[in-house]
Amino acid sequence: MKYSLTEEQINGFLNEISNPALRNLFRMMLQNQLEERSESPRRITLNKAVEDVKHLLEINKAMKIALNDLKTENERMVHRYRKITRALGACECLGENVICPICHGKGIPGSMMIDEEAFNSYVYPLIQRITQTVDHTANETPVTNSPYNGATGSTPN
Ligand SMILES: [Zn+2]
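Residues numbered from 1 in each chain as written. Predicted model: local features only at pLDDT ≥ 70, side-chain atom pairs only at ≥ 80, totals over all residues.

**Notes on the overall build of the protein chain**
Along the backbone of the protein chain there are 5 helices and 0 strands. Taken from the N to the C terminus, the helices and strands of the protein chain come in the order α-α-α-α-α. Here the protein chain, with 157 residues, has 5% of them falling under the buried criterion. (Helix = DSSP H or I, 4+ residues; strand = E, 2+ residues; numbered from the N terminus. Buried ≥ 20, exposed ≤ 12 C-beta atoms within 10 Å, placed from the backbone.)

Quick look at the structure:
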């Protein structure tokens, strides 16, 4: 496949790739495209074929590095996701998969044992924050003017 991109467009594209190994891989592949474009078509010599193979081997090496990077990144994200579902006391499908072999779609947050450590890392800070916000809002409300004061504990809008 050929791309008709300018060098500037290619650099712009490459700058958007955050993974360095992946960026390197794309740079190598696109660089090859630019080199091929500047040569006369159909003029293949043995030297050129050898150079092409060398370049493909380099691309292959960069591809393996990029793939490894992505695998590591993916494993980290899966680990974090699992920890969050345990913090929520939910199945890994969050109860959204009716054919889930573990929960059959019933594993919504709060339906399973909560991992205390995970809860303290991911959920508790949020609860604290909400509690602080509610306290703050309650302090701002003129208590004497509230018809709900003491009756329901809620504040009018
Ligand atoms: Zn499930």
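Back to the write-up after that little detour.
**Section: the confidence of the model for the protein chain**
Mean pLDDT over the protein chain stands at 82; residues scoring 70 or higher make up 78%. Helix H4 (residues 116–122) holds the highest mean pLDDT among the elements of the protein chain, 97, whereas helix H2 (residues 20–38) holds the lowest, 75. The low-confidence segment residues 143–157 (pLDDT under 50) makes 10 contacts with residues lying over four places distant or belonging to another chain. (pLDDT = per-residue confidence, 0-100. Contact = placed C-beta atoms within 7 Å.)

**Details of helix H3 (residues 46–87)**
End to end, H3 covers 61 Å across 42 residues, agreeing with the expected 62 Å (1.5 Å per residue, within 8%). Taking burial as the measure, the 42 residues of H3 include 3 buried ones, a minor fraction of the element. (Expected span 1.5 Å × (residues − 1).)

**Things to note about unusual backbone geometry**
Phi at Leu94 is positive, roughly 60 degrees, even though this residue is not glycine. In this model, His104 sits at a positive phi of 55 degrees, which is unusual for a non-glycine residue. Mapped onto the elements of the fold, His104 is located in the loop between H3 and H4. Owing to 13 C-beta atoms within 10 Å, His104 belongs among the partly exposed residues under this scheme.

**Description of the environment of Lys64**
Looking at the secondary structure, you find Lys64 in helix H3. Between the alpha carbons of Lys64 and Leu25 there is a distance of 9.3 Å; along the sequence they are 39 residues apart.

**Brief notes about the environment of Arg86**
Structurally, Arg86 is set in helix H3. On a C-alpha basis, the gap between Arg86 and Tyr122 in space is 10.0 Å, while along the polypeptide they are 36 residues apart. Ignoring sequence-local partners within four residues, the contact set of Arg86 consists of Asp115 and Ala118.

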